[in-house]
Amino acid sequence: MPEPLDDFETALAELERIVAALDSDEIGLDEAMALFEEGILHVNAANRLLEETRGKVEELITKSTGEPNEVEFDPSEAEDDSGDDGDRS
Amino acid sequence: MSPRRQFSLFEGRAPDNAESVLESVSETENSLMDPPERLADGKDPENPIPVSTLNSVTRDLLEGTFHPLWVLGEVTNWRVAASGHRYFSLRDDRAQIQCVLFQGDARRLPTDPEEGMEVCAFGQVSLYPQRGRYQLIVRNLQAKGEGLWRLAFERLRRALQDEGLLDPARKRPLPVVPRRIGIVTSRGGAALRDILTIVRRRASWTSVLVRDCRVQGDGAGVEICSALETLGRHPGVDLIILTRGGGSVEDLWCFNEENVARAVAACPVPVVSAVGHEIDVTIVDLVADVRAPTPSAAAEMAVPDGDSLRARMQRFSAGLVMGLRRRGRDGAKRAGRLEERLRVCMSRRLERDGARWLRLAERLDALSPLRTLRRGYAVPLSPEGSVLRTTGMFEKGEDFRLRVSDGMVHCRTERVEPDGSK
């Protein structure tokens with residue numbers, strides 16, 4: 001699957017276009033079928049993203065070399081010394 | 001905010017410069033003696049005391065007698081020296097006193113007061129021996145209410161506005177479906193927990209990249225700037241949420257600092273700010289592309305709601321099927337088969353994903369009066385993909401494909417037999 005972000009937003013726009021084209025009487029049957037197949041591809045790609053992709057939570061730390069590095073975020077390491085109580089105070 | 005509480009923030013922290021200034025004039029051996037001993041001389045012209053002794057004794061008396069005090073007055077002749085120390089007078093309608101605010105203490109003020117502003121100054125009554133000048137060494141300064149905070153806020157807001165940084169035209173739209181969002185906050189804070197919860201619930205496919213930084217106290221502003229810069233230019237981050245939970249004016253103050261405001265404006269990707277509670281508007285909120293009232297609300301603005309996206313996909317599926325049905329009888333047959341393919345594909349998902357797909361599948365079922373036509377129908381397609389409708393379109397020995405309900409069959413024409421021919 002290509003870059004999913006672009007894919008998703010483009011897929012939405014493509015689907016708008018395809019459904020509108022199918023609704024018009026301008027196009028022939030062959031073209032309609034091709035559009036339909038294309039539409040199904042987009043719907044499936046979008047659904048795959050929505051249902052099968054699981055977003056990761058990572059933390060960007062700076063290595064001793066000064067390079068940024070992504071590591072898995074471990075909330076249990078968190079020490080709340082910020083006095084920050086979110087929405088709940 | 002009580003004067004007492006504000007002072008407690010600074011308690012025990014002597015201003016760096018104050019001590020050296022005081023020490024330079026007080027280190028005489030006399031200063032260790034009691035005033036009566038140091039003034040043993042001076043009773044007759046034969047044994048005069050030096051001016052420096054008189055002044056340092058007087059200063060010690062003043063400092064020993066007065067504990068640090070809050071003094072109410074109007075600020076006049078406010079002057080910033082090259083050293084960063086502030087010199088000014090406090091006065092009321094009948095009197096005035098010279099004051100000094102050393103640079104280390106001045107740095108902790110949100111901003112300098114305006115001329116004529118009524119303030120409460122906390123400090124030590126003292127004497128400046130070189131000049132013999134009685135003065136108040138000010139350690140902290142407060143205007144009425146949140147006067148200085150408000151003043152600092154207004155001053156910075158005006159400056160940024162004049163530069164055009166608050167221009168609505170600068171606000172960038174957020175991506176509709178971000179793949180990865182960056183969060184600049186304290187990693188242990190509740191704000192982060194709240195945001196992660198919402199992102200998981202609404203858009204579980206979204207990735208999150210956290211950059212930890214302090215969000216209050218001395219030096220927090222610098223950390224926030226550096227976190228914004230690092231995360232902003234990190235590849236794959238589509239937007240950044242800058243956030244912390246509720247707190248006092250002092251706690252939230254780093255979000256009113258000029259360097260933080262500029263770091264937000266300079267961030268290469270859109271920034272959503274969520275600082276404190278809804279009523280706490282900070283400079284960062286004004287500069288950010290979007291201001292959210294709370295951390296949870298920021299998450300809701302940053303990621304789309306998965307359910308409404310799914311509903312949109314359902315409408316598209318339905319729209320596709322409906323569109324094809326309009327193509328007439330031939331089209332309807334094919335639509336029936338393709339619809340069946342779609343239905344099978346969706347059912348497979350339904351088995352895997354359960355109830356989430358139920359609505360979609362039901363919707364598609366409702367749309368398929370045509371599926372009774374599906375059994376046994378197939379569409380022959382030329383290698384180019386056009387529909388072969390008549391025997392005349394087939395040629396012996398040529399390849400073609402049959403589109404059946406679950407895929408393609410590759411075929412070759414053996415014989416062509418139009419109706420009526422034998």
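Every chain is numbered on its own, with residues counted from 1 as its sequence reads. Each chain is given a letter, starting from A, and each ligand a number, starting from 1, according to the order in which they appear as written. Where local features are concerned, this predicted model is filtered to residues with pLDDT of at least 70; where side-chain atom pairs are given and counted, the filter is 80 or more; whole-chain, interface and lining totals use all residues.

1. A short note on the overall build of chain B
Put simply, the rule reads: Helix and strand definitions here come from DSSP, where helices need a minimum of 4 consecutive H or I residues and strands a minimum of 2 consecutive E residues; each element is numbered from the N-terminal end. Put plainly, a residue is buried at 20 or more neighbouring C-beta atoms within 10 Å of its own, exposed at 12 or fewer, and partly exposed in between, counting only other residues' C-beta atoms, which are placed from the backbone. Whether two residues are in contact depends on their C-beta atoms, placed from the backbone: they are in contact if these lie within 7 Å.
Looking only at helices and strands, chain B has 15 helices and 13 strands in total. A burial count over chain B gives 35% of its 422 residues as buried. In chain B, the proportion of contacts linking residues at least 24 apart, taken out of those at least 6 apart, comes to 62%.

2. Things to note about the confidence of the model for chain B
All names here are of chain B. Put simply, the rule is: For every residue, the pLDDT score states the predictor's confidence, bounded by 0 at the bottom and 100 at the top.
Taken over all residues, the pLDDT of chain B has a mean of 80, while the share at 70 or more is 79%. pLDDT under 50 marks residues 1-30. Its contacts with residues more than four places away, or in other chains, come to 33 contacts. Below pLDDT 50 for its whole length, residues 366-373 participates in 13 contacts with residues either more than four positions away or in separate chains. For this predicted complex, the interface score ipTM comes out at 0.72, while the overall pTM is 0.59.

3. A short note on the sheet that holds strand E9 (residues 271-275) of chain B
What counts, and what does not: At least two bridges found by DSSP between two strands are what make those strands a pair.
The strand order E2(A)-E1(A)-E7(B)-E6(B)-E8(B)-E9(B)-E10(B) describes an open sheet built from seven strands, whose pairing is mixed. Of all the strands in the sheet, just strand E2 (68-72) of chain A together with strand E10 (290-291) of chain B have a single pairing partner and so form its edges. One ladder, built from five bridges, connects strand E8 (residues 239-244) of chain B with E9 of chain B; its direction is parallel. For isoleucine 241 of chain B, the partnering residue across the bridge sits in E9 of chain B and is valine 272 of chain B.

4. Here we look at the pairing of E2 of chain A
Residue and element names in this part refer to chain A. By the criterion of burial, E2 is predominantly exposed, with just zero of the five residues buried. Bridging between strand E1 (residues 57-62) and E2 involves five bridges; their strand directions are antiparallel. The residue bridging glutamate 59 from the neighbouring strand is valine 71, located in E2. The hairpin turn running from E1 into E2, its antiparallel successor, is five residues long, and glycine 66 in that turn takes a positive phi close to 95°.

5. Focus on the packing of helix H8 (residues 220-232) of chain B against helix H10 (residues 258-266) of chain B
Residue and element names in this part refer to chain B. Formally: Here the axes come from fitting lines to C-alpha atoms, over the contacting stretch only for helices, and the angles between their N-to-C directions go from 0 to 180 degrees. Any angle between 65 and 115 degrees counts as roughly perpendicular, while under 35 counts as roughly parallel, over 145 as roughly antiparallel, and the rest as oblique. Each residue is assigned to one class: nonpolar for Ala, Val, Leu, Ile, Met, Phe, Trp, Tyr, Cys and Pro, charged for Asp, Glu, Lys and Arg, and polar for all the others, Gly among them.
Look at H8 against H10: their axes get within 9 Å of each other, and the N-to-C directions meet at 10°. As summarised for this structure, H8 and H10 are arranged roughly parallel, according to the angle between their axes. Contact with H8, carried on its side by Gly221, Ile224, Cys225, Leu228 and Glu229, involves Asn259, Val260, Ala263 and Val264 of H10 and no other residues of that element. Taken together, the residues of the contact of H8 with H10 break down into six nonpolar, two polar and one charged.

6. A look at unusual backbone geometry
With phi around 50°, asparagine 77 of chain B is a residue other than glycine that occupies positive phi space. Counting through the fold element by element, asparagine 77 of chain B comes out in strand E1 (residues 69-80).

7. Focus on H10 of chain B
All names here are of chain B. We apply this condition: Within this analysis, the arc is defined by the directions that extend from the helix axis to the C-beta atoms.
Inspection of H10 places Val260, Ala261, Ala263 and Val264 among the buried residues, and these make up the whole buried set. Along the axis of H10, the buried residues cluster in a sector spanning 160°; they form a single face. Packing partners of the buried residues in H10 comprise helix H6 (147-163), H8, E8, E9 and helix H11 (283-287).

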